[in-house]
Amino acid sequence: MKMATEERNKRLLLEGLNRKLDAEVLERSKAQKKLKEKNNLLAGVNQVLLLALRSSSLYEVAQAHLKLAQARTNSTVGFVGLYKEQTEFVFLAMDESVDDTCRLYLNDLKTAHGDMSKTPLLRKALTKKQIILINNMSNSSPNLPAGHPKLDSLILIPLEVNRSSIVLIALGNKPGGYTQQDSYDLAELSTFFVTAINQKITENELKVSEERNRTLVESITEGLIVVNQDAQLDYINDNMLALLGLDRDQAEGFKIFDFLDIRNEEKLRKKWRSRRIGIAEPYELTWQSVDGSPIHTMVYPRPIIGPKGEFCGSVALITDLTKQKGKEAQILQAQKLEAIGQLAAGIAHEINTPTNYVSNNILFLQDIFQDILGLMQTCNKICEQAPQVAEANPQLNAIKQATREYNLDYMLDEVPNAIAETLDGLKHITKIVQSMKEFAHPSAESLSSIDINEAIKNTATVAKNEWKYVAELTMDLDQDLPKISCLAGQINQVLLNMIVNSAQAISQKKEENPEYKGVILIRTARIKDNLQIIIKDNGEGIPENLQKRVFEPFFTTKEPGKGTGQGLAISHSIIVEKHKGAIVLESKQGEGAQFTITLPLEFEDGSL
């Protein structure tokens, strides 16, 4: 009996131990399952966070979190949305089971969720920031769009991202329905997602802001540069790069002083020292492009001051004044030429009056001398025909002696020649004076009809001192050309610029070879309804890489001090802009240059 009792106690003890062991195994199994679920959850969270840390988009992060939330709750459908500024609802991620028809509907924010009028459940969750859990959708009438999967159960988790944005996690169709624990788990799980979403929203807003600022900076028509405290470029916009003729790669590592000549470099250094002590006033500065041409600008600087008041650099807006300066120089040049023309016209008038007196008096002397010549020849003939009478007659003998003493024969031969040469010289003076008057007389703004051949001849005469020592000037002028309507004074200016330019080009070549024979050819012809003028020389010529720039203001191929760079620029403006014509350069270095000017024979005043 005692033994039976002991056996039974042992059996009961063993059964208790087995039950306890089974319970511990069950608990351990549950713990392992929870640990595995926790590990899977953490792995998913890590994946979402990694996506957020990388350069992934907001939509990629949302899609990853949706998959994680669906896996955590065994939900078969779902989406993630972002409610912004209480007006706009943006879908960040959708379940793959939603077909295209529904996707189009859901993304039509105005009609679907813009005002939330068609989605009362979403409106309630978002506006009241309230978790909604429904396991019997038959009583809820969610008003689903066409193509949307059937819903048996639904859970909506709204999570505040910031003051103006709310993330909504929407899941549906969990087998067996959702529990309150699901809402707790999803809220805990989504905490990390909200952090990631907030980070991506901030990044996106920062990118949008940076892009907006960049677009704003690049859209301004002026140049913009930012330099550090050592005057090294931190930023230069596309307009400033184009102004300097640089690629962005070429500008890296440069200092602003690298784009200036010596004179302007010293000027900028003085301004830079003023900038370091907070002085910022606009000033003009001439830069130098990569091809060496000057770029005239107005600089509007501002110092960059650090939080402790220290100088950190400068930002400057650069306005291109090159064209404006060119126009101003052209106007000044035109005013100078107009003043010179008026002065020349006045001088020509003053010279013309005494020249007329001298010419008339010489003509009078020429006529009188013919009478004196006749008288002297008669007296000389009498003396020669009656030598004995002359010897006996003291008066006739005195005449005969005076004729020999004063060399009357020489005087009778040379005086007419001297008078003729004097008259020829006076005619030349008259021609020069007339050319000066005709060259300088036309108003710079009045439209008039001129003979272009005569204009060329007059201009060649006025400019003769420029070319007669270095070249022979020949003309091949079409005598049947009609007169053209133009701004005569300005056309004369163009012709003068062309002739002087050719003479100077030949002069450069003669410096290398004093025996070189220069030639300037001017040819005119009619080409259909246009008049063509060709000015050709055999001077130094222009290098091919510089030919496209010869009409730019301030550009010159001459040595410093020998050219303003305005002559051809002014000529181009007069021919192309004011007369609607064309001027074309053809040149080969070392062989000379040819400028072909084309002008319309007829046009209205309005075309000027």
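Model, not experiment: these values are computed from the prediction.

Another point: the nonpolar core. Grouped together as the largest cluster of nonpolar side chains are 43 residues, with contacts concentrated most on I452, I484, M498, I520, I522, I533 and I597. Of the residues forming this core, the biggest block, ten residues, is contributed by helix α16 (residues 488–512). Every residue in contact with I520, bar those within four places of it in the chain, is listed here: W467, A471, E472, L473, T474, I499, S502, A503, I506, I535, K536 and D537.

Scanning the entire structure with this criterion turns up ten salt bridges. Ionic pairing is found between E160 and K129, a salt bridge with its closest N-O pair at 3.6 Å. Residue E160 is found in strand β4 (residues 154–162), and its partner K129 is found in the loop between α5 (120–127) and β3 (132–134); the two are separated by 31 residues along the sequence. D182 is the partner of K174 in a salt bridge, and the nearest nitrogen-oxygen pair spans 2.6 Å. Accessibility expressed as a relative area gives 17% for K174, which makes it buried. Residue classification places D182 among the buried residues on the basis of a relative accessible area of 7%.

This part is about the pairing of strand β16 (residues 582–588). Judged by which residues are buried, β16 turns out to be one-sided: I583, L585 and S587 face inward and are buried, whereas A582, V584, E586 and K588, on the alternate face, are not. Strand direction decides the pairing type here: β16 and strand β17 (residues 592–600), joined by seven bridges, are antiparallel. The partner of A582 across the bridge, within β17, is T598.

With antiparallel pairing, five strands are arranged side by side in an open sheet as β7-β6-β10-β9-β8. The sheet is open, and its two edges are formed by β7 (233–236) and β8 (283–288), each paired on a single side. The average undirected angle you get between the axes of adjacent strands in this sheet is 30°. Across the sheet, helix α9 (residues 262–276) lies against β6 (223–228), β8, β9 (294–305) and β10 (311–320), angled at about 130° from β8, the strand it touches most.

With respect to the helices, strands and loops of the structure, K509 is situated in helix α16. One buried charge, K509, has no salt-bridge partner; the nearest side chain with opposite charge is E540, at 5.6 Å. Among the polar contacts listed, one links the side chain of K509 to the backbone oxygen of G590, at a separation of 2.4 Å. Apart from residues no more than four positions distant in its own chain, K509 is found in contact with Y516, N538, G539, E540, G590 and E591.

The next point concerns the packing of aromatic side chains. Aromatic ring pairs are described here by two measures, namely the spacing of the ring centres and the angle between the planes. Under the counting rule described, the total for this entry stands at two aromatic pairs. With a centroid separation of 5.1 Å and an interplanar angle of 65°, the aromatic rings of F79 and F91 are classed as edge-to-face. Linking F79 in strand β1 (residues 77–84) with F91 in strand β2 (residues 88–94), this pair joins segments that are twelve residues apart in sequence. Considering the side-chain rings of W272 and F311, the 5.5 Å spacing of their centres and the 80° angle between planes classify their relative orientation as edge-to-face. You can see W272 sitting in helix α9 and its partner F311 sitting in strand β10, a full 39 residues away along the chain. You'll find W272 and F311 in the same group, each marked buried. Here the guanidinium or amino end of R269 rests over the ring plane of F257, the centre of that ring lying 4.0 Å away.

So, about unusual backbone geometry. Even without being glycine, K129 reaches a positive phi, approximately 50°. For K129, a relative accessible area of 47% translates into the label partly exposed. One non-glycine residue with positive phi stands out, namely N173, at about 65°. For N173, the location among the structural elements is in the loop between β5 (165–172) and α6 (180–219). Residue classification places N173 among the buried positions, given a relative accessible area of 13%.

What follows deals with the environment of I279. Its location among the elements puts I279 in the loop between α9 and β8. Counting along the chain gives 22 residues from I279 to P301, while the straight-line C-alpha distance between them is 9.1 Å.

Cut-offs applied
- Residues numbered from 1 in each chain as written.
- Predicted model: local features only at pLDDT ≥ 70, side-chain atom pairs only at ≥ 80, totals over all residues.
- Heavy atoms only, no water.
- Core = buried A, V, L, I, M, F, W, Y, C linked by side-chain atoms within 4.5 Å.
- Buried < 20%, exposed > 50% of the residue type's maximum accessible area, 1.4 Å probe, protein only.
- Helix = DSSP H or I, 4+ residues; strand = E, 2+ residues; numbered from the N terminus.
- Contact = heavy atoms within 4.5 Å.
- Salt bridge = Lys/Arg side-chain N within 4 Å of Asp/Glu carboxyl O.
- Pairing = 2+ DSSP bridges.
- Axes fitted to C-alpha atoms, helices over the stretch in contact; angles between N-to-C directions.
- Lys, Arg positive; Asp, Glu negative; His and termini not counted.
- Polar contact = N/O pair within 3.5 Å; in protein donor to acceptor, adjacent residues only side chain to side chain.
- Phe/Tyr/Trp six-rings, centres within 6.5 Å; stacked < 30°, edge-to-face > 60°.
- Lys NZ or Arg CZ within 6 Å of the ring centre and 35° of its normal.

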